[in-house]
Amino acid sequence: PYVFTLGTVVRKKNFHVLLSLLQDEEMELVISGRLDEPEYVSFIENQANELGIRDRVHLTGKITEEEKAWYYRNCVAFAFPSIAEGFGLPVVEAMSYGKPLFLSNRTALPEVGGDVAFYFDDFDGEKMRQVFWEGMECYQMKNMREAIRERAKAFSWDKAAEQYLEVYRSVG
């Protein structure tokens, strides 16, 4: 089983904090997206080496839409610990698959995830693991898959365009 995350691999995405979730021997981490900061990629790899988990951390680089869909379908959860985010489109994509969402409680992410996501209040490894495993249990017990998919529908392009037109007409 693996946790999936997606985005340009830069320090503000905070992906390195997800390494703490790999203390479970069974878990792997897949990080996909442009590798725009080579020093940050090296930092992640070095941290994984120090923790003895490098073989379970996969930095794929850019992926195709088909590969992205495969990762979303097959991951056990989607995690996005970004500390600087304008919106968080990968979160909406993950929601459309009904996957458990583990997000930073910063920037716009709580607005996107709403009450169907689980939030990292800080990035202490033990606290993150607690949020993750309690969230996974809650996801299973409350059968949250459909509620998460329903929330994704609130962010459709058609709905956004419709709302924009309403604002435009009200101003004109």
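Residues numbered from 1 in each chain as written. Predicted model: local features only at pLDDT ≥ 70, side-chain atom pairs only at ≥ 80, totals over all residues. Heavy atoms only, no water.

As a further point, take the overall build of the chain. Check the secondary structure of the chain and you find seven helices and six strands. Listed N to C, the secondary structure of the chain is β-β-α-β-α-β-α-β-α-β-α-α-α in terms of helices and strands. The C-alpha extent of the chain, read off along each of the three principal axes, is 60 × 40 × 30 Å. In the chain, which comprises 172 residues, the proportion classed as buried is 45%. Summarising the internal contacts of the chain: among those between residues at least 6 apart in sequence, 68% fall at separations of at least 24. Counting only carbon and sulfur atoms, one obtains 51% of the accessible surface of the chain, whose full area is about 9300 Å². Taken as two groups, the 20 positive and 28 negative side-chain charges of the chain have centres that lie 4 Å from each other. (Helix = DSSP H or I, 4+ residues; strand = E, 2+ residues; numbered from the N terminus. Buried < 20%, exposed > 50% of the residue type's maximum accessible area, 1.4 Å probe, protein only. Contact = heavy atoms within 4.5 Å. Areas by Shrake-Rupley, 256 points an atom, 1.4 Å probe, with all protein chains shown as cover. Lys, Arg positive; Asp, Glu negative; His and termini not counted. Charge placed at Lys NZ, Arg CZ, Asp CG, Glu CD.)

What follows is about the sheet that holds strand E4 (residues 77-80). In spatial order, the strands read E3-E2-E1-E4-E5-E6; together these six strands make up an open sheet with parallel pairing. Looking at strand neighbours, the two that pair on one side only are strand E3 (57-61) and strand E6 (117-120), the edges of this open sheet. Mean inter-strand twist for the sheet, computed between neighbouring axes without regard to direction, equals 25°. Examined bridge by bridge, strand E1 (residues 2-6) and strand E2 (residues 28-32) share five bridges and lie parallel to one another. Residue pairing across strands places Thr5 opposite Ile31, the latter belonging to E2. (Pairing = 2+ DSSP bridges. Axes fitted to C-alpha atoms, helices over the stretch in contact; angles between N-to-C directions.)

If you walk through the whole model with that rule in mind, you get zero disulfides. The thiol of Cys75 is not disulfide-bonded; the next cysteine sulfur, from Cys138, is found 17 Å away. Cys75 sits in the buried class, given a relative accessible area of 3%. Judged by its relative accessible area of 22%, Cys138 falls in the partly exposed class. (Disulfide = S-S within 2.5 Å.)

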